[in-house]
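Results of the structural survey
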Amino acid sequence: MKRIIAVALLFFLGFSPFRGNSQEAFQKGEWLKFRIHYGLFTASFATLEVDETVLDGRPVYHIEGIGKSTAPLSWFFKVDDNYQTFIDKKDGKPYRFIRKIDEGGHTKNLEVYFDHRENRALVHDKKHNSSNTYSTKENVHDMLSAFYYIRNEINSDNLRPGEEMNLNLFIDDENMDFKLKFLGREVIKTKFGKVATLKFRPLVMAGRVFKEKESLTFWVSDDKNKIPVKIEADLAVGSLDADLDAYKGLRNPFNIIMN
């Protein structure tokens, strides 16, 4: 389940036309928690946390995403995932990405090092003790850096329903092109109250996980934070919902509509 929520989060990225060149949507200390439902059950929780550090002499944001399954799901399908990215504090480009997952016995332990000048990625597979270098596209992102990049780049004033946006991603050992469609604005109910949101639908590949090409929808807050508030996915078997469950350390006010 955590893998699905991670895939959902990466789709927040496709806004290359709206370049803001500022880091105003988040800050050190931001922490987001999501409750993930599969049918009537709480399947897992996922958290995202922002910190600061220095990597190879450069000041960077260190962002960590953690997902763990809860009972009763963990009794027969244990999820224990850890994602980390180290991004430039000025332009949001990723320098290093870590993906360490255990999903029902399916494991990965990867570290990716990005060379943006040469458009290359060095992938160190710790599970199989191997390293390979791959060519990447311009302005490439990993699945976690993309989420934070777009939060700074999106300009909600310029968005119009039906607009489509594209993004370059590098995941594991593969370059991927994603397309994202803006559906419009919507006020939704959350545990915190009513929230004005921007609604999006990525065009996903139908197959083993998702039910059809357009089976994933998500909502982000229509304020300066642009945090994900809700995600819905129709899967090959059943459906999945994810909701913002807790937060702290936001850089900007979280706009709650009070009746």
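Keep in mind that what you see is a predicted model, and the values were worked out from it rather than measured.

The backbone of aspartate 56 sits at a positive phi, close to 55 degrees, despite the residue not being glycine. The residue aspartate 56 is located in the loop between β2 (41-55) and β3 (58-69) in this model.

What follows is about the pairing of strand β8 (residues 130-135). Note: strand β7 (residues 120-125) against β8, six bridges, orientation antiparallel. What sits directly across from leucine 122, in β8, is threonine 133. With antiparallel pairing between neighbouring strands as the criterion, β7 and β8 make up a hairpin whose turn holds four residues, including asparagine 129 at a positive phi of roughly 55 degrees.

Residues at a pLDDT of 70 or more form 81% of the chain, whose mean pLDDT is 83. Counted against residues more than four places away or in other chains, residues 10-21, with its pLDDT under 50, gives 49 contacts. Per-residue pLDDT stays below 50 along residues 205-212; that stretch engages in 23 contacts with residues further than four places along the chain or on separate chains.

Okay, the packing of aromatic side chains next. Going through the model one piece at a time under the given rule, you end up with 11 aromatic pairs. Consider the rings of tyrosine 134 and phenylalanine 170, whose centres lie 5.9 Å apart with planes at 50 degrees: the pair is tilted. Of the two residues, tyrosine 134 is situated in strand β8 and phenylalanine 170 in strand β9 (residues 164-171); the sequence distance between them amounts to 36 residues. Assessed through its relative accessible area of 25%, tyrosine 134 is described here as partly exposed. For the pair phenylalanine 182 and phenylalanine 200, a centre-to-centre distance of 5.2 Å together with 50 degrees between the ring planes defines the contact as tilted. Of the two residues, phenylalanine 182 sits in strand β10 (residues 174-190) while phenylalanine 200 sits in strand β11 (residues 193-202), which places them 18 residues apart along the sequence.

About the cut-offs
Residues numbered from 1 in each chain as written. Predicted model: local features only at pLDDT ≥ 70, side-chain atom pairs only at ≥ 80, totals over all residues. Heavy atoms only, no water. Helix = DSSP H or I, 4+ residues; strand = E, 2+ residues; numbered from the N terminus. Pairing = 2+ DSSP bridges. pLDDT = per-residue confidence, 0-100. Contact = heavy atoms within 4.5 Å. Phe/Tyr/Trp six-rings, centres within 6.5 Å; stacked < 30°, edge-to-face > 60°. Buried < 20%, exposed > 50% of the residue type's maximum accessible area, 1.4 Å probe, protein only.

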